[in-house]
Amino acid sequence: MAIQKTIDPVIRLSQSIVGQQESDALIKVILDDGYLGMGEQVKNFEREIACYIGVPEEWVICVNSGTAALHLAVQASTKADDEVLVQSLTFVSSFQAISAARAKPVPCEVHPETITINLRDAENRITKKTRAIMPVHYASNPDNLDKVYEFARKYKLRVIEDAAHAFGCTFKKKKIGSFGDIICFSFDGIKNITSGEGGAVVTKNEETAQRIRDSRLLGIEKDTEKRFIGERSWDFNVVEQGYRYHMSNLFAAVGRVQLSRLNNEFAPKRIELAKLYRKQLENVVGLQFLNLSMKNLMKLLLNGKSLFGATACGLVVGIFGRHGLCMMLQILPFIYQGSWILRYY
């Protein structure tokens, strides 16, 4: 049998929606402002995120990736060899953010219908070293968040929300980030808004916020305040490990434009497309949709393994590709993500 050649995808899996507004914002930073690093644009982006979510601007700390946000959040909440409960079905960055902070990720089962952490399984994995739990809002779905916080209060745990998929989303009519302990967003190219690369931590805990704010700038105390007024800390004090995780003015300028487009442009279109996919696929025998709120934004709709089986998923991706539709296995269970991660199993 002849093998049909795969054509170039007509419908891409994902694509950043950027244009003249974002280009103009970058040109302004480069030609008019003249300072490309962390400064006024980042400060304004943090203020606008805070206004959008409905929190004080002191709660928001912008960084250069969602993974950096998670890493700093874990570092501010744990010590070496502490354990963090995290769902097993998530991107490898969730695990690596924990291990980078010298803590131990403890994988827990998920509910297959929502891809949210199974708290009954998590409870069985609690030890004397457990310090935090990391729920992942997979596909914009913070389904059991109230139960997660109830669980955390019972066992005196910090909650670090991996909300990479959930910027702009709500839980019980409240925006993600407007409540809770530590919330981490991602602004990379395929998220609800993008800054090119970037992320943010939101927390109302003043001590945690200050530690994260300092740690994003190599641990230099109060350097954020200096940079936001166009100065630098030449005589400084460093009290703990830090990193070059700060956001640049270039990233922030793009992010500010994207934020202004979210409610009236991006969100309605994402929801419209999600409903269209559901309608077109609802009569496919054996197809299982994830149980997601259609009011939230980022839709990863199909539980492919339940329909096709793990091996057959690859064949299905190939078949769709030959017809001009790009598909992928979006998230694999952690045990299939490489030999590094097996040390935690």
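On to the sheet that holds strand 2 (residues 83–87), then. Taken together, seven strands build an open sheet; the order of strands is 1-11-10-7-6-2-3 and the sheet is mixed. Only two strands of the sheet have a single neighbouring strand rather than two, namely strand 1 (60–63) and strand 3 (104–108). Sheet twist, expressed as the average angle between the axes of neighbouring strands with direction ignored, equals 25°. As paired strands, strand 6 (residues 130–134) and strand 7 (residues 158–162) are joined by two bridges and run parallel to one another. By the bridge assignment for strand 7, I133 is matched with V159. The strands touched by helix 3 (residues 66–75) within the sheet are strand 1, strand 2, strand 6, strand 7, strand 10 (182–186) and strand 11 (199–203), with strand 10 carrying the most contacts at an inclination of about 160°. Relative to the sheet, helix 6 (residues 145–155) contacts strand 2, strand 6 and strand 7, its axis offset from that of strand 7 by approximately 155°.

Checked against the element boundaries, D146 lands in helix 6. Judged by relative accessible area, D146 falls into the partly exposed class, the value being 31%. Each C-alpha atom, one on D146 and one on G180, is 9.5 Å from the other, the two residues being 34 residues apart in sequence. If we skip the residues at most four places from it in the chain, D146 touches F171 and K172. Polar side-chain contacts of D146 include one of 2.7 Å to the side chain of K172.

Basis of the calculations
- Residues numbered from 1 in each chain as written.
- Predicted model: local features only at pLDDT ≥ 70, side-chain atom pairs only at ≥ 80, totals over all residues.
- Heavy atoms only, no water.
- Pairing = 2+ DSSP bridges.
- Helix = DSSP H or I, 4+ residues; strand = E, 2+ residues; numbered from the N terminus.
- Axes fitted to C-alpha atoms, helices over the stretch in contact; angles between N-to-C directions.
- Contact = heavy atoms within 4.5 Å.
- Buried < 20%, exposed > 50% of the residue type's maximum accessible area, 1.4 Å probe, protein only.
- Polar contact = N/O pair within 3.5 Å; in protein donor to acceptor, adjacent residues only side chain to side chain.

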